[in-house]
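# Structural features, examined
Here's the letter readout for the chains.
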Amino acid sequence: MEFKDHVCELLNTIDACQVFFDITVNFDLTKNYLDLVVTYTNLMMLLSRIEERKAIIGLYNYAHEMTHGSSDREYPRLGQMIVDYENPLKKMMEEFVPHGKSLQDALVSLQMVYPRRNLSADQWRNAQLLSLISAPSTMLNPAQSDTMPCEYLSLDTMEKWIVFGFILCHAALNSDPAALSLWKLALQSSSCLCLFRDEVFHIHKSAEDLFVNIRGYNKRVNDIRECKESALSHAGSMHRERRKFLRSALKELATVLADQPGLLGPKALLFFSFILACFLRHIAELIFYMEELRAHVRKYGPVMQRYYVQYLSGFDAVVLNELVQNLSVCPEDESIIMSSFVNTMTSLSVKQVEDGEVFDFRGMRLDWFRLQAYTSVSKASLGLADHRELGKMMNTIIFHTKMVDSLVEMLVETSDLSIFCFYSRAFEKMFQQCLELPSQSRYSISFPLLCTHFMSCTHELCPEERHHIGDRSLSLCNMFLDEMAKQARNLITDICTEQCTLSDQLLPKHCAKTISQAVNKKSKKQTGKKGEPEREKPGVESMRKNRLLVTNLDKLHTALSELCFSINYVPNMMVWEHTFTPREYLTSHLEIRFTKSIVGMTMYNQATQEIAKPSELLTSVRAYMTVLQSIENYVQIDITRVFNNVLLQQTQHLDSHGEPTITSLYTNWYLETLLRQVSNGHIAYFPAMKAFVNLPTENELTFNAEEYSDISEMRSLSELLGPYGMKFLSESLMWHISSQVAELKKLVVDNVEVLTQMRTSFDKPDHMAALFKRLTSVDSVLKRMTIIGVILSFRSLAQEALRDVLSCHIPFLVSSVEDFKDHIPRETDMKVAMNVYELSSAAGLPCEIDPALVVALSSQKSGHCNNIHCLAKAINQIAAALFTIHKGSIEDRLKEFLALASSSLLKIGQETDKTTTRNRESVYLLLDMIVQESPFLTMDLLESCFPYVLLRNAYHAVYKQSVSSS
């Protein structure tokens, strides 16, 4: 009610003073008057749209009565106003009859501005608007106009003034042709207006409903209907053509200003006058160029300040002083104000800009606003209506001052698009359409950038909505950047898939058919059907017969480059005191997808126990990494960080999300599939081949062990898992060994008395033979020791492969570790020695004592087909680990073992029983292998207790037996 009373009082005062209104002369006064009328009209219309308005004011009055003991004294008037304004426009048409003359004058003054601004795209194009290069000779000339402030008035604002203004003073439509012309032009331009945020006003239907009941307005009703038909048939195409023109014109303007930012000074009017043409009539590209121009203004603000400071002091002050001097009548008060304007401008200097001084011309602009009010009343001594040149000059000066101290406010006034905060669904739909079109995806960054505008639509009188709008701006910006990163990630994934397919074609397994065809062709053998197409060789896809030929990979790269341009456009953006970094979104998504892709490329099938060969996985991973590295050509991201984060996680048992890694998958497969089949007798280890090989059995295995365990595959596995992953593999192997040792300990406990006696009776052959027969579970000991030997043999392959890989990547560091290990003195403390051995083992170097085995066993505090040759490695490493744990002399204990073993074997040589002497020669060779494997035993020591002639005869016998069996 207070607002309504103040508005009515002010309007009556304006009518009583017969204030002169002309938008081209007293711009601020006329603009604020028209804004007041439109705001008042909008408020009344919005009030009438509240469905429960009567209940709300009733509750308010009841609450007031409960609080103060009496009802609000304005309640009857408020209630009556609600009733009177059920049809607000009809009521206001009656209310504005006394104000018709002033309102008509203000609106008719728009005839010099609105028709000139509301032109078609062809007229803009013919006039070369926004083009700085169409007339190079005038490029440095300042853009001038007699109506400077009117040039950056939005069309939407002027259309509101015209439509609502002439509805309220509709009599002018019958009496003034200029008013009717403006009215028709506005009705033909659009079909609805924005009242407030997402509340709209349908122009033609509302105007027709109001005028149809007024006598003598049949012609105006027909005009409305004709304008409606024209708007529906032509307005859409007109705005479309404008967008087409602006798309190219703003691109040209942004490009020129980026190269020559100094032109922002003289051509600022062009920028601020047409940037609003994009408002609500845009596409993503237009918003992008608008944001680019805004960025230029913010970046080169000091350039514009220097230009306009010199303009104000060197030109505007001089011209204004001459105009004031030539005034025939100039009262004292007006003279003082005008003189202060001249003095303020004259005192300006470029040094103030260079020193970073903060300018503030708000006082000067407020004085001019007051002066407009003083000089626009009918009885003013100095009438502004009679001195139009003074008004126009002052309007120009006010624009120039805003270019010095209010650039940010001017950007908000002319290019703020915070209205989209209230059309989030349409906003999101436009973003999705932009993202789906490859040609438009490079402009998708404009949508997150628009989220930085949203906080400008908040108002200090309504602080509670600040958090709601801020949260919406954050959620939308986050969603847009996330979707952009996802789209880029999907494109990169598709490219990686294509490149992995091409890399797969180069694998050795695919060359067999090509070799076979070549051999058959050379021997002139015809195989297969006639006319069978020849298999395409790798690289054929790179041969282009036509430059117009575009492959799927070309399309993916084009789409990716466009989208990456958008992601890389800004390093970061501020939205409601939160910083968003678009590149980090892409980095995060690439890390997640790379992790999933690596695990997925293992093709591990738990049901069938199938898994990709390490070499094939390594080829795919390298192809994937090559594509990811190429992303640095598009976006300034640290792809090495992505590799480090992902690949280091893959060397652990679980990744950061708790998901299994390739380390855990390959460790489980080698332990549970390959080595288990070795224990079952389906696979054997061949030291000469350094690989595990399938044995011919009734049930053929689903995989070829050699293709997973030869030296090239183990090197590929080492490349993939790295030292950390290979250490986890070793620890898992040692855990299995420790479980076998635990069972061996149980067997030793069962036979402890007999073993103790045998230890002291190794020089008594007869007694030893009798004691041997008392031993139980001898076969179980042999089997478990063989399993341990198999596991250690596999670990030896893995360690050798790791050493080869590290020698290629870090040769100097590996050689230093190897030199350190080789020169450690024998008398070194065992704890120190174990630290050296642990370092050496991590580098894949063989050690006298296996540190991993020591750790595994210390935690227990309570090429023959049968793999028997693996016993040598098992005995040596188990003995070294156990005697290290129990602080015994490894060399002395192994010498004792050699004496016991040689004595027993010599006793076997004297036996005649076939059962006792079965495989005697093989056992002799096993003793020789134990000595060869051991770093603590020598051949001299073996010959001192076991004749070498027996070994020579044993080698000969085993060789003859293998030849005869084959």
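Please read all numbers here as calculations on a predicted model, not as lab measurements.

### Describing the overall build of the protein
Per the secondary structure count, the protein includes 43 helices and six strands. Expected size for 966 residues packed as a compact globule is a radius of gyration near 30 Å; at 46 Å, the protein overshoots this value by more than 25%. Considered along the principal axes of its C-alpha atoms, the protein spans approximately 145 × 85 × 60 Å. Within the protein, buried positions represent 47% of all 966 residues. For the protein, the computed accessible surface area is about 49,400 Å², with 54% contributed by carbon and sulfur atoms. For the protein, the distance from the average site of its 97 positive side-chain charges to the average site of its 113 negative ones is 7 Å.

### Section: the nonpolar core
Of all hydrophobic cores here, the largest spans 205 residues; its most connected members are Leu 320, Leu 674, Leu 675 and Phe 692. Residues in contact with Leu 320, not counting those within four places in the same chain, are Met 338, Phe 341, Val 342, Met 345, Leu 390, Met 394 and Ile 397. Counting 65 residues, the second-largest nonpolar core is a separate cluster that includes Phe 27, Cys 150, Tyr 217 and Cys 227.

### Quick look at the packing of helix α12 (residues 203-211) against helix α13 (residues 218-259)
At a minimum axis distance of 9 Å, the contact between α12 and α13 shows a crossing angle of 170 degrees. Taken together, the axis directions place α12 and α13 in an arrangement best described as roughly antiparallel. Contact with α12, carried on its side by His 204, Ala 207, Glu 208 and Phe 211, involves Arg 220, Val 221, Ile 224, Arg 225, Cys 227, Lys 228 and Ala 231 of α13 and no other residues of that element. For the contact of α12 with α13, the per-class residue count stands at six nonpolar, one polar and four charged.

### Points about the side chain of Ser 664
With respect to the secondary-structure elements, Ser 664 resides in helix α30 (residues 662-679). Among the polar contacts made by the side chain of Ser 664, one reaches the main-chain carbonyl oxygen of His 653 at a distance of 3.4 Å. Setting aside residues no more than four positions away along its own chain, Ser 664 makes contact with His 653 and Phe 728.

### With respect to the pattern of salt bridges
Side chains that differ in sign of charge can pair as their charged atoms come close. Scanning all chains against the criterion turns up 35 salt bridges. For the salt bridge of Arg 388 with Asp 22, the shortest nitrogen-to-oxygen distance reads 2.6 Å. In this pair, Arg 388 sits in helix α20 (residues 388-405) while Asp 22 sits in the loop between α1 (2-17) and α2 (27-48), placing the two residues 366 residues apart along the sequence. Taking relative accessible area as the criterion, Arg 388 reaches 33% and is therefore assigned partly exposed. A salt bridge links Arg 715 to Asp 804; its shortest N-O distance comes to 2.9 Å.

### Regarding the packing of helix α24 (residues 465-504) against helix α28 (residues 614-630)
Running from amino to carboxyl end, α24 crosses α28 at an angle of 135 degrees, the nearest separation of the two axes being 9 Å. By the angle class used here, α24 and α28 are oblique. As for how α24 packs across α28, the hand of that crossing is right-handed. Together, Ile 492, Thr 493, Ile 495, Cys 496, Gln 499, Cys 500 and Ser 503 of α24 and Thr 619, Ser 620, Ala 623, Tyr 624, Val 627 and Leu 628 of α28 make up the contact between the two elements. Classifying every residue of the contact of α24 with α28 by side-chain character gives eight nonpolar, five polar and no charged.

### Quick look at the packing of aromatic side chains
Following the criterion strictly, the structure yields 36 aromatic pairs and no others. Joined through ring pairs, the aromatic side chains of Tyr 666, Trp 669, Tyr 670, Tyr 685, Phe 692, Phe 703, Tyr 708 and Phe 794 make up one cluster. The ring of Phe 565 carries the charged tip of Arg 442 above its face, separated from the ring centre by 3.9 Å.

### A short note on the pairing of strand β6 (residues 691-694)
Across four bridges, the pairing between strand β5 (residues 683-686) and β6 is antiparallel. The residue of β6 that forms the bridge with Phe 686 is Ala 691. Between β5 and β6, which follow one another and run antiparallel, lie four residues, and Lys 690 among them has a positive phi close to 50 degrees.

### Brief notes about the state of the cysteines
If you walk through the whole model with that rule in mind, you get zero disulfides. Cys 421 takes part in no disulfide bond, and the closest cysteine sulfur, belonging to Cys 457, lies 4.9 Å away.

### Here we look at helix α36 (residues 811-822)
The first and last C-alpha atoms of α36 sit 16 Å apart over twelve residues, in line with the 16 Å expected at 1.5 Å per residue. At its buried positions, α36 is contacted by α35 (778-809) and α37 (830-842).

### With respect to the confidence of the model for the protein
Overall, the prediction assigns the protein a mean pLDDT of 85, with 93% of residues at 70 or greater. Helix α43 (residues 948-965) is the least confidently modelled element of the protein, averaging 67 in pLDDT, while strand β4 (residues 578-580) averages 94, the highest of any element. Below a pLDDT of 50 lies the segment residues 276-282, which in the model reaches 25 contacts outside its immediate sequence neighbourhood of four places, other chains included.

### A look at the side chain of Ser 446
Mapped onto the elements of the fold, Ser 446 is located in helix α23 (residues 446-450). Note on Ser 446: relative accessible area 0%, which makes it buried. Not counting the four nearest positions on each side in its chain, Ser 446 is found in contact with Ala 284, Ile 287 and Phe 288.

### Quick word on the pairing of strand β2 (residues 199-202)
Two elements, strand β1 (residues 192-196) and β2, share four bridges in a ladder whose sense is antiparallel. Paired with Cys 194 across the bridge in β2 is Val 200. Hairpin connection of β1 to β2: two residues between the antiparallel strands, including Arg 197 at a positive phi of 60 degrees.

### Here's the deal with the environment of Glu 933
Checked against the element boundaries, Glu 933 lands in helix α41 (residues 920-933). Overall, Glu 933 belongs to the partly exposed group, its relative accessible area being 39%. Through-space distance from the C-alpha of Glu 933 to that of Ile 875 is 9.4 Å; in sequence the pair is 58 residues apart.

### Things to note about unusual backbone geometry
Here the phi dihedral of Arg 197 falls at roughly 60 degrees; this positive angle occurs in a residue that is not glycine. Within the element layout of this structure, Arg 197 appears in the loop between β1 and β2. One non-glycine residue with positive phi stands out, namely Gln 609, at about 55 degrees. Assignment of secondary structure puts Gln 609 in the loop between α27 (582-601) and α28. When its relative accessible area of 23% is taken as the criterion, Gln 609 is described as partly exposed.

### Regarding the environment of Leu 89
Relative to the elements of secondary structure, Leu 89 occurs in helix α5 (residues 88-95). Sequence separation between Leu 89 and Ser 620 is 531 residues, and the spatial gap between their C-alpha atoms is 72 Å.

### Considering the environment of Ser 102
Mapped onto the elements of the fold, Ser 102 is located in helix α6 (residues 100-108). Taking the C-alpha atoms as reference points, Ser 102 and Ile 287, separated by 185 residues in sequence, lie 38 Å from one another. For Ser 102, the residues in contact, after removing those within four places along its chain, are Ile 14, Asp 15, Phe 21 and Tyr 33.

About the criteria used
Residues numbered from 1 in each chain as written. Predicted model: local features only at pLDDT ≥ 70, side-chain atom pairs only at ≥ 80, totals over all residues. Heavy atoms only, no water. Helix = DSSP H or I, 4+ residues; strand = E, 2+ residues; numbered from the N terminus. Rg over C-alpha atoms; globule rule 2.2 N^0.38 Å. Buried < 20%, exposed > 50% of the residue type's maximum accessible area, 1.4 Å probe, protein only. Areas by Shrake-Rupley, 256 points an atom, 1.4 Å probe, with all protein chains shown as cover. Lys, Arg positive; Asp, Glu negative; His and termini not counted. Charge placed at Lys NZ, Arg CZ, Asp CG, Glu CD. Core = buried A, V, L, I, M, F, W, Y, C linked by side-chain atoms within 4.5 Å. Contact = heavy atoms within 4.5 Å. Axes fitted to C-alpha atoms, helices over the stretch in contact; angles between N-to-C directions. Parallel < 35°, antiparallel > 145°, perpendicular 65-115°, else oblique. Nonpolar A, V, L, I, M, F, W, Y, C, P; charged D, E, K, R; others polar. Polar contact = N/O pair within 3.5 Å; in protein donor to acceptor, adjacent residues only side chain to side chain. Salt bridge = Lys/Arg side-chain N within 4 Å of Asp/Glu carboxyl O. Left-handed = near helix turned anticlockwise from the far one by under 90°. Phe/Tyr/Trp six-rings, centres within 6.5 Å; stacked < 30°, edge-to-face > 60°. Lys NZ or Arg CZ within 6 Å of the ring centre and 35° of its normal. Pairing = 2+ DSSP bridges. Disulfide = S-S within 2.5 Å. Expected span 1.5 Å × (residues − 1). pLDDT = per-residue confidence, 0-100.

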